[in-house]
Amino acid sequence: MCSLLYWYQKRFNFSIKNTWIKLPRFSSKVEMKKNGQAVWVPVTVRVEDHVIVPDLDHFNIENPDQFIEDYTSNIASTPMDMSRPLWEFHVLNVKTSSAKSVGIGKLHHSLGDGMSLMSLLLASSRKVSDPKAPPTTTATKKHADSSAKGWWCIRRFWLVINIIFTTLIELFKFWLTLCFMRDTKTPLMSEPGDTVRPRKCINRIISLDDVKMIKNTMEMKVNDVLLGMTQAGLSRYLSKKSDDDMATGKKKVRLRGTVAVNLRPDTKIEDLTNMMEKGSKCRWGNFVGIVIFPLWVRGEDDPLEYVRKAKSTMDMKRISMEALILYGLVKCIMKIFGDKAAENIVKRVFGHTTLTFSSVMGPKEEVSLFDHPMSYVTATASGGPQALIIHFVSYVDKIIINLAVDTTVIPDPHQLCDDLVESLGIIKLAALEKGVHNMEREDMAREKQAEITIMEPLSPVSRLFVSPGFYGVIVFTLGFKTRCNSSAIVEGIKNTWIKLPRFSSKVVMDDKKNGEAVWVPVNVRVEDHVFVPDIDHSDITNPDQFIEDYTSNIANTLMDMSRPLWEFHVLNIKTSNAESLGIGKFHHSLGDGMSLMSLLYASSRKISDPNALPTTATTRKQVGSNDNWWLVARFWLMIRVIFTTFIELFKSLLTLCFMRDTKTPLMGKPGDRNGPRKIIHRIVSFDDVKFVKNTMKMKVNDVLLGITQAGDDPVTEKKKSLEETRLRGTIAVNLRPETKIKDLADMMTKGSKCRWGNFIGVVIFPLWIRSEDDPLEYVRRAKATMDKKKISMEALVLYGFIKFTMKIFGVKAVEAITKRVFSHTTLTFSNVLGPNEDISFFEHPMCYVGASALIGPQALIIHYVSYADKIIINLAVDTTVIPDPHVLCDNLVESLEIIKLSLLEKGLHKMEELFKGLCTIAVQELHHEVKPGVWRCLWLWPICSFRDLDASVTLIFIKFRGLRIARHPQFVA
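Small disclaimer: the values here were computed from a predicted structure and weren't measured.

The number of helices and strands found in the chain is 26 helices and 31 strands. The 973 residues of the chain split such that 47% are buried. Summing over all exposed atoms, the chain offers an accessible surface of approximately 49400 Å²; the carbon and sulfur share of this is 57%.

A separate point is helix H18 (residues 686-696). Count 3.6 residues to each turn of an α-helix, and residues three or four apart come out pointing the same way. Within H18 the residues assigned to the buried category are Phe 686, Asp 688, Val 689, Val 692 and Met 696. Taken around the axis of H18, the buried residues stretch over an arc of 165°, which confines them to a single face. Measuring from the side-chain oxygen of the N-cap residue of H18 to the backbone nitrogen of Asp 687 gives 3.2 Å; that N-cap residue is Ser 685.

According to UniProt, the feature "transmembrane region" (unreviewed entry) maps to residues 157-176 in the numbering used here. Split by type, residues 157-176 is 100% helix and 0% strand. Its first and last C-alpha atoms lie 29 Å apart.

Let us look at the sheet that holds strand E18 (residues 505-510). The strands making up a sheet associate through backbone hydrogen bonding, with each pair oriented either parallel or antiparallel. Spatially, the three strands line up as an open sheet ordered E16-E19-E18, and their pairing is antiparallel. Looking at strand neighbours, the two that pair on one side only are strand E16 (456-457) and E18, the edges of this open sheet. Bridge count for E18 against strand E19 (residues 516-521) is six bridges, and the pairing is antiparallel. Counted as the bridge partner of Asp 510 is Glu 516 from E19.

We now examine empty space enclosed by the protein. According to the stated counting rule, one finds five cavities of 30 Å³ or more in the structure shown. Its volume calculated, the largest cavity comes out at about 110 Å³. Lining of the largest cavity is provided by Val 475, Thr 477, Ile 547, Glu 548, Thr 551, Ile 679, Ile 680, His 681, Gly 850, Ala 851, Ser 852 and Asn 874. Sorting the residues of the lining of the largest cavity by element identifies strand E17 (473-480), helix H15 (543-556), strand E24 (678-685) and strand E29 (844-854) as the ones contributing at least two each. Here the lining of the largest cavity is composed, by residue class, of five nonpolar, six polar and one charged.

On to the nonpolar core. Ranked by internal contacts, the top residues of the largest apolar core, which has 119 residues, are Leu 188, Leu 255, Leu 388, Leu 403, Leu 860, Tyr 864 and Leu 875. By residue number, the principal contributor to this core is helix H6 (residues 222-241), which donates eight residues. Beyond its immediate sequence surroundings of up to four residues, Leu 255 is in contact with Asp 183, Thr 186, Leu 188, Leu 234, Leu 238, Phe 293, Pro 294, Leu 295, Val 297, Thr 354 and Leu 355. Of all hydrophobic cores here, the second largest spans 64 residues; its members include Met 559, Met 597, Ile 679 and Ile 839.

Looking along a regular strand, one sees side chains alternate from face to face of the sheet. Along E17, eight of the eight residues are buried, which leaves the element largely enclosed by surrounding structure. Examined bridge by bridge, E17 and strand E22 (residues 580-587) share eight bridges and lie antiparallel to one another. By the bridge assignment, Val 473 is partnered in E22 with His 587. Note: E17 against E29, eight bridges, orientation antiparallel. Bridging across to E29, Gly 479 finds its partner in Tyr 848.

Turning to unusual backbone geometry, a few remarks are in order. One non-glycine residue, Val 396, lies in the positive phi region at around 55°. Assignment of secondary structure puts Val 396 in the loop between strand E14 (388-395) and strand E15 (398-405). Classification of Val 396 by relative accessible area gives partly exposed; the value is 22%. Although it is not a glycine, Glu 843 sits at a positive phi angle of roughly 70°. Owing to a relative accessible area of 72%, Glu 843 belongs among the exposed residues under this scheme.

Attention now moves to helix H24 (residues 811-823). With 13 residues, H24 ought to run about 18 Å at 1.5 Å a step, and its terminal C-alpha atoms sit 18 Å apart, in line with that. Inspection of H24 places Val 814, Glu 815, Thr 818, Val 821 and Phe 822 among the buried residues, and these make up the whole buried set. End-on, the buried residues of H24 take up no more than an arc of 135°, which puts them together on one face. Buried positions along H24 lie against helix H13 (460-466), helix H17 (630-657), strand E25 (728-734), strand E26 (760-766), helix H23 (794-809) and strand E27 (827-832).

This next bit is on the environment of Tyr 71. By the element assignment, Tyr 71 lies in helix H2 (residues 64-77). Given the relative accessible area of 18%, Tyr 71 is considered buried. Aside from chain neighbours lying at most four places away, what touches Tyr 71 is Pro 54, His 90, Leu 92 and Ile 104. At a separation of 2.9 Å, a polar atom in the side chain of Tyr 71 contacts the side chain of His 90.

With 81% of its residues at a pLDDT of 70 or more, the chain shows a mean pLDDT of 81. The weakest mean pLDDT in the chain belongs to strand E1 (residues 2-4) at 39; the strongest belongs to strand E21 (residues 566-571) at 95. Counting contacts from residues 141-150, a segment whose pLDDT is below 50, to residues more than four positions away or on other chains yields 14 contacts. In this model, residues 929-973 is a region of pLDDT below 50 whose contacts with residues beyond four sequence positions or in other chains number 69 contacts.

Take the packing of helix H10 (residues 322-337) against helix H11 (residues 339-351) next. At a closest axis distance of 6 Å, the pairing of H10 and H11 adopts a crossing angle of 140°. Between H10 and H11, the angle is such that the two are oblique. Contact residues: Val 330, Ile 333, Met 334 and Phe 337 in H10; Asp 339, Ala 341, Ala 342 and Ile 345 in H11. Among the residues forming the contact of H10 with H11, the class breakdown is seven nonpolar, no polar and one charged.

Turning our eyes to something else, we now look at the sheet that holds E27. Spatial strand order, E24-E31-E30-E27-E25-E26: six strands in an open sheet with mixed pairing. Both edges of this open sheet fall to E24 and E26, since each of them pairs with a single strand only. In this sheet, neighbouring strand axes are inclined to one another by 20° on average, regardless of whether the strands run parallel or antiparallel. With three bridges connecting them, E25 and E27 associate as parallel partners. Each bridged residue has a counterpart across the sheet, and for Thr 730 the counterpart in E27 is Thr 828.

At a minimum axis separation of 7 Å, H23 and H24 run at an interaxial angle of 140°. In terms of orientation, H23 and H24 fall into the oblique class. Judged by residue contacts, Phe 801, Ile 802, Thr 805, Met 806 and Phe 809 of H23 engage Val 811, Ala 813, Val 814, Ile 817 and Thr 818 from H24. Considering only residue class, the contact of H23 with H24 consists of eight nonpolar, two polar and no charged.

A cluster of nonpolar residues, Phe 635, Trp 636 and Ile 639, forms a patch on the protein surface that exposes about 300 Å² of accessible area. Mapped onto the elements, Phe 635 comes out in helix H17.

If charged atoms from side chains of opposite charge come close, those side chains can pair. Counted according to the given criterion, the structure contains 41 salt bridges. Among the salt bridges present, the one from Arg 256 reaches Asp 183, with a minimum N-O distance of 2.7 Å. Taken together, the residues span a long stretch of sequence, with Arg 256 in strand E9 (residues 256-262) and Asp 183 in the loop between helix H4 (152-179) and strand E8 (200-207) at a distance of 73 residues. On the basis of relative accessibility, which here comes to 6%, the residue Arg 256 falls in the buried class. Assessed through its relative accessible area of 5%, Asp 183 is described here as buried.

For E14, the buried fraction is high: eight of the eight residues fall into the buried class. Covered by surrounding structure in E14 are Leu 388, Ile 390, Phe 392 and Ser 394 together with Ile 389, His 391, Val 393 and Tyr 395, the residues of both alternating faces. Pairing of strand E11 (residues 355-360) with E14 involves six bridges; the strand directions are parallel. Residue pairing across strands places Thr 356 opposite Ile 389, the latter belonging to E14. Where E14 lies against E15, eight bridges are found, and the strand directions are antiparallel. Within E15, the residue paired with Ile 390 across the bridge is Leu 403.

Rules used throughout
- Residues numbered from 1 in each chain as written.
- Predicted model: local features only at pLDDT ≥ 70, side-chain atom pairs only at ≥ 80, totals over all residues.
- Heavy atoms only, no water.
- Helix = DSSP H or I, 4+ residues; strand = E, 2+ residues; numbered from the N terminus.
- Buried < 20%, exposed > 50% of the residue type's maximum accessible area, 1.4 Å probe, protein only.
- Areas by Shrake-Rupley, 256 points an atom, 1.4 Å probe, with all protein chains shown as cover.
- Arc of directions from axis to C-beta.
- Polar contact = N/O pair within 3.5 Å; in protein donor to acceptor, adjacent residues only side chain to side chain.
- UniProt positions renumbered as here; feature names shortened; annotations may be inferred.
- Pairing = 2+ DSSP bridges.
- 1 Å grid on protein atoms, 1.4 Å probe; cavity = no way out; pocket = protein on both sides within 12 Å on 5 of 7 lines; lining within 4 Å.
- Points joined across faces, edges and corners; volume = space filled by probe spheres on them.
- Nonpolar A, V, L, I, M, F, W, Y, C, P; charged D, E, K, R; others polar.
- Core = buried A, V, L, I, M, F, W, Y, C linked by side-chain atoms within 4.5 Å.
- Contact = heavy atoms within 4.5 Å.
- Expected span 1.5 Å × (residues − 1).
- pLDDT = per-residue confidence, 0-100.
- Axes fitted to C-alpha atoms, helices over the stretch in contact; angles between N-to-C directions.
- Parallel < 35°, antiparallel > 145°, perpendicular 65-115°, else oblique.
- Patch = residues over 30% accessible without salt bridge, like charges linked within 9 Å, V, L, I, M, F, W, Y side chains within 5 Å.
- Salt bridge = Lys/Arg side-chain N within 4 Å of Asp/Glu carboxyl O.

The structure is reproduced here in structure tokens:
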């Protein structure tokens, strides 16, 4: 129903022809096939037969509002003519208390649900403020991710458990309702077995601003407020109609409603053209499910209790998959047993509940329907055996309450509607009083906060890194294409790094917090942290070896904890890969690899555009499946996630307790503390890694782990012993919701999804150390294991466990647990995605970036860092355990080459087989097709073999009966 200022029937008919009739369902009728299946059949539509303008005697209309109610109720109760398109529109030039004229539409529910028909309204309308512009659709706000807060990993894991448990409980309740559980007999409940009966349609207009004020004060959604208002209004109505025991709550009342739920992935009203597109996520049609909602009908002293109860119940319903599963169940029953079976189930559920509730979000700005400015929009879906149907529709700053009531059961629907409106007013007054008290409490909290000294506590992982027994630092190397200007670097650090709180703070143990480590701001003199050593170049015979020794010495020197925990060294020494170098050393408590990479981005500019910041590399998201089995696939994924998580956590528990890696030349000695490290690196081609990745259809991480596994290529005699070798690594995992490197300003923003800090977990990765004839088996094995790890929540749960243990037992307990896990495994592996283009660091063009994190007692730490078209392999090695780290590094580089060559050879074999097959087919076709007396020609010209030509190309020219060979099944395969 919509109110319109002026009506011109011819213009209206013309407008409908240009919009509604172009939709297939508005120009089709429903016919039944011989097998009983209903289908849409296109027909010719005469719009004038569907647009009705009754001839009214205005002098006999004493109460226009009552007349419109009766007219609407009569339309709703009159069955539709199924032999023509199932819609009609009535134009009434009757002035009411809310509008100067009224348009009443009646559409069969088979045409579409509320969301579909609201999109049709928006497509038929234009903004009043801009008559040529279509209305803007209302978008729903997504909840901010709480990942930056304390226990988000535990909450995420608990959410998965909660979804499954809640869904099973709600489905069990639904089954009870379907079988026998019926609502208590109240003045709102229809008689058992009632069929669809005539309805009285009435409406009231309330303020959307009042609803939003309650929503914001109580921190809930609009639907929660509307359901709370419904519960309060029904309680008021029943208190007047029922006995005292029911009104006071002494007598328990079971009163439930079926709530209509939109099942589309996107909840906002979509543009009509998008909804009509094939494959759209928000298709036109009836994509609605139902959930059974228990209504809190009691006499409450606090009116806000109704909205609290509504929010509590709705929070459970939102995480339940009840509506999705029931929708799939009804489709399955309809397909197997027919429409009658599904109809009986739905009618039985409606017959055992009291009412239906739904809400639709309408236009948020004033619109005109076919050049007729609108003042309000209402909608009521009539059907089912229930005596009461409640619908809410929003329009601009209004919400319209719509009731469709069976007056034989509820003889005074206006009283019920008034109770709903009054309940909103009572809840609003209670919320205003609550809001005043909240403001007073907030003022007191702000005053108390101002008295507290600003000292930021360290995160749990950072506290672990500053503990004496678990010292951790990050050493990175920047290779430059030009000589270094130390003054420019000092000036750049003053303008960027020092503005970050952690780079201008030191770590202090706070006695007021039981010795907990906190960040305390201090004054920083940058020149004391930037070192330019005086080097005698004549004594340096091997610059690369000198840099390795210098870097290793920096890494093994303990940091001064009495000042900010960072330093930067400038070395103007030309090496095989760079003209000069910058070597940074950061304490790991400052942040993880992703945080420090964002700092590098903020300190750099594009070489192609010196004024532009580097673009962050993005990770591609997988496209969701739109097939009919997506519900089953999603449910199965949840089962796999839980099962895999439990298995991986059990393995971690075994590792923590007693399961230790096999003693190998890579394994550190039991009980070793952090020993001195040798830091070396190699540069390999990123394009080679991408080639392996694309050819084998996997991720870069899978390829790098495959290279790592292949790096220890044993001799054949040791094959048997290697098959019994257990060799595992701890892999550092970024726990932030987004995996791409974020802008530094975003990471430092409070409440950001990707906060600066140490948000990393670890997973224990079993390495495939075997002598394989096929080098590709290493990357296949790496991918298979990583696929399991990716769906496991092992890292999240262990991170939450570490936080919990630290809070209860202190940092010493966490340190002992972490060191035990590291000492029972062989190595640590991680990688960081660096810049994907050439950049300059404080106006110094860079040629590579290397980084190593030195943590734990393991003898081998492997890090991969990408830069433009390179990947830098970084090893931090305990030379007392691994005396030849360069051999190990060379093995990793050679493994990449072997895997790449194996793939190339595999590709050549495929091309040779294709070529031989093509020749065979050509000869067969020639013998089969060429007949005496008919001139045919076939040119088959192999220039050379694959192995003799560098380009590996064989040219084949075939001219034979329209290139029939190219269409041969074997050739196509």
